[in-house]
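# Architecture at a glance
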Amino acid sequence: EPSLPASSSSPPPRPPPAGARPEPGRSGEMAAAPTPAYNFASKGYHSLFPGQPSCDPDALRAGTIKFVKNFDEKSWYDSPVRTVLMGQSLVGGKEQKTVDAFGKENGAQVVATDAQAEEVLRHIRTYRPPKVDYRAEMRRIDQRILSMPMAGEIIGNQALDFGKQDGITEVVEALEANAVEQRINDALFEDEVNGNVKIGRFPAFIGCVSNFSNFLDLSRKVMRNMELGVPVVVLSRNNTTQHMFRWSLLLLDLMKKEGVDLGMLTYFSCDRKQKTKIFQACPESPAYFTCSREVAESVKKDLPKIMSSTGGPNTMVTTSFTPEVSTALRYSAMIENKGQCTAMRHCVVPDCTEDMVDQIFKPTPVINHVLESLEAKGFAGIYAGHKYECGPDYKSLPSQPMIQFRMASRPPSEIDEKWREPVVDITAPSSQDFRSEAFLKDLSHWLIKEQPITLAINGDDDLAMRLFERTGLVVYTVGSLEKPGLTAQARPQDGECFGEFPPRAQLNDYTHLPVIIPSSTPGYNTEYTQARLASEAKAAFPSGLEYCEDLFRGCSPLVLGFVKTLCAYLADACGPKRGVGYDKGARTSLFGLQRPPLLEDSPTVIRIHAGSSFDELAPYVAPFYITNARSQLVVSADPGCGLSEHLAKFKGMQAVVEDQRSYEKRMGGVLPYNLIVLEGRKGLEPLLAMHWVSRLFCMGHIKSVKTHDDAFVEKFSKSKKWLAIEMTPSRL
């Protein structure tokens, strides 16, 4: 692998005001390093948001409409989807037709031969980039591909392939968010140059999502990886694969002009068998997928380092029904023919009737071609000519037979995402039941179990607070009955940090790490160096956490360095941060690290088996013990693990020494929010501090739809949900 340059060829990144820890009072200990700005919610991270580029959305729209009108349908047959390796097209394999989001044929594809698949595998296993700092080149490419005329082309291709009605907003927001993520990448790269971290540079597999490919795939997964020297392999899809192949070709052409080695980008046109074979041969490669939970679970069996962003039944709760709420419900549910990741799948409307549901969705536009929405600036139409079968529990609306719904007085026990199908579940309790503690508890547990991406609460700030504190979602929106919030609202570049997390208790089934945006994509496959951890082990704990010296004295030096790194990060990052949307005159948001849901019957449980060590346990215990999440942790240790003396030091923490039978009996009536099992099989995994913590705690944002909403900031910044440092050990 090429050596790192002594200095960057790109303009130096903004110096992160990362809040160095105070000088220690005891002699013989060095001051610890500042918390780098690439760590989520740190002071340095917060400083990277202001100052973002802008563009003309009207020009983007005009260019997109022109491209779509002039599009030659034959072009996707004449230049079929194919494998491109080192800039060369590989053809001669099986020919087949491609289909759009609704299964309609729209072009041709040449699937790689098995021999060509072996060539791709050899490239993945042997390729090393000639240099690792491509920031200057990739950022010039970034600027060109997201500007006219290319921006109109990539939006137009997505519109034709996926049927996306508003790809303009995605590109506008990508330009803004890319600036933030480039700065985060700068901070990570500088820390690598300084010898503190090592970025993994095995080629990364990119599993594209069709509805947000120009930001999530092209920008975040591909260009942000490549600019720090991580090669990428973009994988073909069973449907809507045309538009990401087209931006891959555009990207390769720009790479030639900028002198970027063409081995950095491979497009792999493959069948499932070839894909699985390559995954199994490359377990050390990271993968970045935005997909269903079923796909994520399947891929993770072959690619343990998959970073999966998975969907969930996005939910709106409203205290009452108003015309404005009706519009918010319709827009949220029907956005992109229910093809946006934040599209509403479930709503709670007290005293709702079937007639009310029909009135909500009656005005939904029915369109025949994407041009209709592009020209009308629409985004929430449904495409004509499709029939959806959701099962016997669902009914079709009289006014819109393509839209199906199901009603009940409690949240559904089972719910499928129904991607791109205009279907909604309505929970309609009586007004009295809606206000009951029993209903709120049921809804909170349902939200934890199903893990939607977003929750919008309209009409009651106190209800919003209770749901915020009792659940663990990433995106919360608070609105009123006159100005309601939608589920489909999140601008990560404004501090409305976004992520599609699986349910916490099944996190490891679906993903190596949960993905939060904005963040450094290469950072998910980055680890601290041994030199950095050894140095940190000699530093003091942060001011106020000196009591930890005795607690973690039994750790080996590298683990102690990692524990101190985690403590330093939390000391810097805890507490809510106000998003820059407030200063821009946009929505008012608060983001940051949060405790697990504040429910007595949903603790985080760590079960320690015989053979485990204190080194294995310490990085899990430390983040809980030094924060206000201390009381939410239960540690159960097998007598054979020999950790009784260590556990006895952690006063105030629920710790039990018990055999497996006693543990299972005691846990019979408990539904843990998270269960961590330690078996002594894993050594130290020195992930970046934010990523280690993301496996344990909630992170994301809550926002008001109002601008400069100081009352919202005052109320919600005081929530007990925000993670906070406990400056003293428990006296219990």
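Residues numbered from 1 in each chain as written. Predicted model: local features only at pLDDT ≥ 70, side-chain atom pairs only at ≥ 80, totals over all residues. Heavy atoms only, no water.

Before going further, it helps to examine the overall build of the protein. Summing up its helical and strand segments, the protein has 27 helices and 27 strands in all. In terms of overall size, the protein behaves like a compact globule, its C-alpha atoms giving a radius of gyration of 26 Å where 732 residues would be expected to give roughly 27 Å. When contacts within the protein are restricted to residue pairs at least 6 apart in sequence, long-range pairs at least 24 apart make up 78% of them. Here the protein displays about 26700 Å² of accessible surface, and carbon together with sulfur accounts for 51% of that area. Charged side chains in the protein number 84 positive and 88 negative. The centres of these two groups are separated by 2 Å. (Helix = DSSP H or I, 4+ residues; strand = E, 2+ residues; numbered from the N terminus. Rg over C-alpha atoms; globule rule 2.2 N^0.38 Å. Contact = heavy atoms within 4.5 Å. Areas by Shrake-Rupley, 256 points an atom, 1.4 Å probe, with all protein chains shown as cover. Lys, Arg positive; Asp, Glu negative; His and termini not counted. Charge placed at Lys NZ, Arg CZ, Asp CG, Glu CD.)

By size, the foremost hydrophobic cluster in this structure holds 140 residues, and its most contacted members are Phe 40, Leu 251, Met 255, Phe 552 and Leu 593. The element that contributes the greatest number of residues to this core is helix 7 (residues 167-193), accounting for eleven residues. Excluding residues that lie within four positions of it along the chain, Leu 251 makes contacts with Met 138, Ile 141, Ile 145, Leu 218, Val 222, Met 223, Met 226 and Leu 265. Membership of the second largest hydrophobic core comes to 27 residues, among which are Val 325, Met 356, Ile 426 and Ala 428. (Core = buried A, V, L, I, M, F, W, Y, C linked by side-chain atoms within 4.5 Å. Buried < 20%, exposed > 50% of the residue type's maximum accessible area, 1.4 Å probe, protein only.)

Another aspect to go through is the environment of Glu 546. Within the secondary structure, Glu 546 is located in the loop between helix 19 (530-537) and helix 20 (548-551). As for Glu 546 and Thr 728, which are separated by 182 residues in sequence, their C-alpha atoms are 8.7 Å apart. Within the local environment of Glu 546, its side chain forms a polar contact with the backbone nitrogen of Gly 544, the two atoms lying 2.9 Å apart. (Polar contact = N/O pair within 3.5 Å; in protein donor to acceptor, adjacent residues only side chain to side chain.)

It is worth spelling out a negative patch on the surface at this point. On the surface, Glu 294, Glu 297, Glu 414, Asp 416 and Asp 509 cluster together into a negatively charged patch. If you trace the backbone, Asp 416 turns up in the loop between strand 16 (404-408) and strand 17 (423-427). (Patch = residues over 30% accessible without salt bridge, like charges linked within 9 Å, V, L, I, M, F, W, Y side chains within 5 Å. Salt bridge = Lys/Arg side-chain N within 4 Å of Asp/Glu carboxyl O.)

Omega for the peptide link from Met 148 to Pro 149 comes to 5°, which places this bond in the cis form. Residue Ile 517 is joined to Pro 518 through a cis peptide bond whose omega torsion reads 5°. One non-glycine residue, Ala 41, lies in positive phi territory at about 70°. Relative to the helices and strands, Ala 41 resides in the segment before helix 1 (43-46).

Turning our attention to helix 8 (residues 213-226). Compared with the 20 Å implied by 1.5 Å per residue over 14 residues, the 16 Å span of helix 8 between its first and last C-alpha is markedly short. Taken as a whole, helix 8 carries its principal kink of about 30° at Ser 219. (Expected span 1.5 Å × (residues − 1). Bend = angle between axes of the 7 residues up to and from the residue.)

Strand order across the open sheet formed by four strands is 25-24-23-26, with parallel pairing between neighbours. A single partner strand is all that each edge strand has here, and the edge strands are strand 25 (654-657) and strand 26 (674-678). On average, each strand axis in the sheet is inclined to that of its neighbour by 15°, with strand direction left out of account. Where strand 23 (residues 604-608) lies against strand 26, five bridges are found, and the strand directions are parallel. The residue of strand 26 that forms the bridge with Ile 608 is Leu 678. (Pairing = 2+ DSSP bridges. Axes fitted to C-alpha atoms, helices over the stretch in contact; angles between N-to-C directions.)

Once that is clear, we can look at the pairing of strand 8 (residues 265-268). Each regular strand displays side chains that alternate between the two surfaces of the sheet. Burial along strand 8 is two-sided: Leu 265 and Tyr 267 and Thr 266 and Phe 268, pointing in opposite directions, are all buried. In terms of strand pairing, strand 7 (residues 232-235) meets strand 8 through four bridges, oriented parallel. Across the sheet, Val 232 pairs through a bridge with Leu 265, a residue of strand 8. Each parallel crossover has a hand, and for strand 7 linked through helix 9 (residues 242-258) to strand 8 it is right-handed. (Right-handed = clockwise from strand over helix to strand, strands pointing away.)

Among the five residues of strand 23, five are classified as buried, and the element is accordingly described as predominantly covered. Bridge count for strand 23 against strand 24 (residues 633-637) is five bridges, and the pairing is parallel. Paired with Val 605 across the strands is Val 634, a residue of strand 24. In this fold, strand 23 hands off to helix 23 (residues 614-625), which returns the chain to strand 24; that crossover is right-handed.

This next bit is on the confidence of the model for the protein. Across the protein, the average pLDDT comes to 93, with 95% of residues at or above 70. Within the model, pLDDT remains below 50 along residues 1-28, and this stretch shows 58 contacts once partners closer than five positions in the same chain are excluded. (pLDDT = per-residue confidence, 0-100.)

Turning our eyes to something else, we now look at the pattern of salt bridges. Close approach of charged atoms allows side chains with opposite charge to pair. Applying the stated criterion across every chain, the model contains 47 salt bridges. Note that Arg 135 and Asp 186 form a salt bridge whose closest N and O atoms lie 2.8 Å from each other. Of this pair, Arg 135 sits in helix 5 (residues 135-145) while Asp 186 sits in helix 7, placing them 51 residues apart in sequence. As far as the burial class goes, Arg 135 and Asp 186 line up, both buried. For Glu 536, the salt bridge goes to Arg 532, with nearest N and O atoms at 3.2 Å. On the criterion of helical spacing, the pair formed by Glu 536 and Arg 532 is a turn pair, its members being four residues apart in helix 19.

The subject of this paragraph is the packing of helix 5 against helix 8. The contact between helix 5 and helix 8 brings their axes to 10 Å, and the two run at 155°. Between helix 5 and helix 8, the interaxial angle falls into the category roughly antiparallel. Of the two elements, helix 5 crosses helix 8, and the hand of that crossing is right-handed. Contact with helix 5, carried on its side by Met 138, Ile 141, Asp 142 and Ile 145, involves Leu 218, Met 223, Arg 224 and Met 226 of helix 8 and no other residues of that element. Within the contact of helix 5 with helix 8, the residues separate by chemical class into six nonpolar, no polar and two charged. (Parallel < 35°, antiparallel > 145°, perpendicular 65-115°, else oblique. Left-handed = near helix turned anticlockwise from the far one by under 90°. Nonpolar A, V, L, I, M, F, W, Y, C, P; charged D, E, K, R; others polar.)

This part takes up the sheet that holds strand 11 (residues 314-318). Taken in spatial order, the ten strands of this open sheet run 15-16-17-12-11-18-19-27-22-21, and their pairing is mixed. Two strands in the sheet have a free side with no partner beyond their single neighbour: strand 15 (395-396) and strand 21 (577-578). Where strand 15 and strand 16 come together, two bridges link them in antiparallel fashion. Across the sheet, Ser 396 pairs through a bridge with Gln 404, a residue of strand 16.

Moving on, we get to helix 11 (residues 293-300). Listed in full, the buried residues belonging to helix 11 are Arg 293, Ala 296, Val 299 and Lys 300. Summarising the axial view, the buried residues of helix 11 lie within an arc of 130°, below the 170-degree limit, and thus occupy one face. (Arc of directions from axis to C-beta.)

Attention shifts here to the packing of helix 2 (residues 57-69) against helix 6 (residues 150-162). For any two helices packed against each other, the geometry comes down to the angle between their axes and how far apart the axes lie. Helix 6 packs onto helix 2 with a crossing angle of 60° between their chain directions and a minimal axis gap of 8 Å. Considered as vectors, helix 2 and helix 6 are oriented oblique to each other. As for the relative orientation of helix 2 and helix 6, their crossing is right-handed in sense. Facing Leu 60, Gly 63, Thr 64, Phe 67 and Val 68 of helix 2, the residues of helix 6 in contact are Ala 151, Gly 152, Glu 153, Ile 155, Gly 156, Asn 157 and Leu 160.

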